[in-house]
Amino acid sequence: QQLLYVSLDKKKRAGKVVTLIEGFVGNEDDLSALGKDLKTKCGVGGSAKDGEIIIQGDHKVKVLDWLKQWGYKVKAKG
C-alpha cells in the first residue's frame, strides 16, 4: 500500500486551482493509468508525470474518496 498526499495548488498555474496527488511509487505506466482513471472520474483534464498527478480544478474530496476505495493510503495536505 502506498501513501499518497492530496492537496490543492495554484502556484505557477496562472491563478487556477489544481488538485495535486504526490508520492506515487511505481512505473510511469501505472502512474498514467491512475491519472487517467482520476481524470475520467472527475470529468476534467490533467497530467501525470514525475511521480505526481495534476487534476484541473478543486476535486480534493472526490479524489481522496476514490483513492481510499481503490486501496491507497491517503493524507490530505494543506
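Preceding this paragraph is the structure being described.
Every value quoted in this text rests on a predicted model; they were computed, and no experiment measured them.

About the thresholds
Residues numbered from 1 in each chain as written. Predicted model: local features only at pLDDT ≥ 70, side-chain atom pairs only at ≥ 80, totals over all residues. Heavy atoms only, no water. Helix = DSSP H or I, 4+ residues; strand = E, 2+ residues; numbered from the N terminus. Expected span 1.5 Å × (residues − 1). Buried < 20%, exposed > 50% of the residue type's maximum accessible area, 1.4 Å probe, protein only. Arc of directions from axis to C-beta. Contact = heavy atoms within 4.5 Å. Core = buried A, V, L, I, M, F, W, Y, C linked by side-chain atoms within 4.5 Å. Axes fitted to C-alpha atoms, helices over the stretch in contact; angles between N-to-C directions. Parallel < 35°, antiparallel > 145°, perpendicular 65-115°, else oblique. Left-handed = near helix turned anticlockwise from the far one by under 90°. Nonpolar A, V, L, I, M, F, W, Y, C, P; charged D, E, K, R; others polar. Lys, Arg positive; Asp, Glu negative; His and termini not counted. Salt bridge = Lys/Arg side-chain N within 4 Å of Asp/Glu carboxyl O. Polar contact = N/O pair within 3.5 Å; in protein donor to acceptor, adjacent residues only side chain to side chain.

Student: Honestly, helix H1 (residues 28–42) in this entry has me stumped. Any pointers?
Tutor: Spacing of three or four residues puts side chains on the same side of an α-helix, whose turn is 3.6 residues. With 15 residues, H1 ought to run about 21 Å at 1.5 Å a step, and its terminal C-alpha atoms sit 21 Å apart, in line with that. Among all positions in H1, only Leu31, Leu34, Gly35, Leu38 and Cys42 are buried. Buried positions in H1, seen along its axis, are confined to an arc of 100° and lie on one side of it. Residues of H1 that are exposed and point more than 90 degrees away from the buried face comprise Asp29, Lys36 and Thr40. Residues of H1 that are buried make contact with strand E1 (3–9), strand E2 (18–22), strand E3 (46–49), strand E4 (52–56) and helix H2 (60–69). Phi turns positive, to about 70°, at Gly43, one or two residues after H1.

Student: Got a minute to help me understand the nonpolar core in this structure?
Tutor: In summary, soluble globular proteins display a tendency toward joint burial of nonpolar side chains. In this structure, Leu4, Ile21, Leu34, Leu38, Ile53, Val63 and Leu67 are the most contacted members of the largest nonpolar core, which totals 15 residues. Other than its neighbours up to four places away in sequence, Leu38 contacts Ile21, Ile53, Ile55, Val63, Trp66, Leu67 and Trp70.

Student: For this particular structure, what's the right way to read the packing of H1 against H2?
Tutor: Working note: a packed helix pair is described by the angle between its axes plus the distance between those axes. Two numbers describe how H1 lies on H2: the axes approach to 11 Å, and their chain directions differ by 130°. By the angle class used here, H1 and H2 are oblique. Between H1 and H2 lies a crossing whose hand is right-handed. Contacts from Leu34, Leu38, Lys41 and Cys42 of H1 reach H2 at Val63, Trp66 and Leu67. Residues that form the contact of H1 with H2 fall into these classes: six nonpolar, no polar and one charged.

Student: Explain the side chain of Lys60 here, please?
Tutor: With respect to the helices, strands and loops of the structure, Lys60 is situated in helix H2. The side chain of Lys60 sits in the buried core without any salt bridge; Asp58 is the nearest counter-charge, 7.4 Å away. Among the polar contacts listed, one links the side chain of Lys60 to the backbone oxygen of Lys77, at a separation of 3.4 Å.

Student: Quick question: what am I supposed to make of the pattern of salt bridges here?
Tutor: Side chains that differ in charge, positive against negative, can pair when their charged atoms come close. All chains considered together, the criterion is met by two salt bridges. Of the charged contacts, one joins Asp9 and Arg13 as a salt bridge, the two residues approaching to 3.0 Å between their closest N and O atoms. Accessibility expressed as a relative area gives 24% for Arg13, which makes it partly exposed. The salt bridge involving Lys77 is made with Glu22; its shortest N-O contact spans 2.8 Å. Note that Lys77 is positioned in the segment after strand E5 (73–76) and Glu22 in strand E2, a separation of 55 residues in sequence.

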